[in-house]
Amino acid sequence: MRENELTIISKSLFTVLLILIAFSALHNIWQQEVHSPSIFALTLVGFAFFAIAKLSVIRKEHWINFGTQRMTENMANLYRLGYWLIIVGVIGTFA
């Protein structure tokens, strides 16, 4: 087994934990409860990273695109980091 590979047990536990946190966040959204509004700043930072990466492709006159195929490696990494920060920010705000 390599260093960065997860076992089937750790993948399963991670999946269950992620589902529980997501359901907790959805329940709090439904109840209109915000536990940590300051964490929403992560969502804004993530959106800024996402927008910067997308704008790098739009500047090359590719107006409609999906994914990271037309991005440089650095912009693709910024795009993915932006997505993760958006997800973590939303879940952290409501969970």
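Coordinates for the structure precede this section.
Residues numbered from 1 in each chain as written. Predicted model: local features only at pLDDT ≥ 70, side-chain atom pairs only at ≥ 80, totals over all residues. Heavy atoms only, no water.

S.K.: Looking at this structure, I do not really get unusual backbone geometry. What am I missing?
M.R.: Phi is mostly negative for residues that are not glycine, and the peptide bonds are mostly trans. Unlike most non-glycine residues, Gln32 shows phi in positive territory, near 60 degrees. On the secondary structure map, Gln32 appears in the loop between helix H1 (8–30) and helix H2 (40–58). According to the relative accessible area criterion, Gln32 is exposed, its value standing at 71%. (Helix = DSSP H or I, 4+ residues; strand = E, 2+ residues; numbered from the N terminus. Buried < 20%, exposed > 50% of the residue type's maximum accessible area, 1.4 Å probe, protein only.)

S.K.: What should I look at first to understand the nonpolar core in this one?
M.R.: If you look at the biggest cluster of nonpolar residues, it comprises 6 residues: Phe50, Ala53, Val57, Met71, Ala76 and Tyr79. Here this core takes 3 residues from H2, the largest share from any one element. With near-sequence residues (within four places) excluded, Phe50 lies in contact with Tyr79, Gly82 and Tyr83. (Core = buried A, V, L, I, M, F, W, Y, C linked by side-chain atoms within 4.5 Å. Contact = heavy atoms within 4.5 Å.)

S.K.: What should I look at first to understand a nonpolar patch on the surface in this one?
M.R.: Taken together, the side chains of Ile39, Leu42, Trp84, Ile87 and Val88 present a nonpolar region at the surface, about 430 Å² in accessible area. The element best represented in the nonpolar patch is helix H3 (residues 73–94), accounting for 3 residues. Checked against the element boundaries, Ile87 lands in helix H3. (Patch = residues over 30% accessible without salt bridge, like charges linked within 9 Å, V, L, I, M, F, W, Y side chains within 5 Å. Areas by Shrake-Rupley, 256 points an atom, 1.4 Å probe, with all protein chains shown as cover. Salt bridge = Lys/Arg side-chain N within 4 Å of Asp/Glu carboxyl O.)

S.K.: Any chance you could explain the packing of H2 against H3 here in plain terms?
M.R.: To describe two helices that pack against each other, one gives the angle between their axes and the distance between the axes. At a minimum axis distance of 7 Å, the contact between H2 and H3 shows a crossing angle of 155 degrees. On the basis of their axis angle, the class for H2 and H3 is roughly antiparallel. Between H2 and H3 the crossing geometry is left-handed. Along its contact with H2, which presents Phe40, Leu42, Thr43, Val45, Gly46, Phe47, Phe49, Phe50, Ile52, Ala53, Lys54 and Ser56, the element H3 presents Met75, Leu78, Tyr79, Leu81, Gly82, Tyr83, Leu85, Ile86, Val88, Gly89, Val90 and Thr93. (Axes fitted to C-alpha atoms, helices over the stretch in contact; angles between N-to-C directions. Parallel < 35°, antiparallel > 145°, perpendicular 65-115°, else oblique. Left-handed = near helix turned anticlockwise from the far one by under 90°.)

Everything listed here is a matter of geometry and, on its own, says nothing about what the molecule does.
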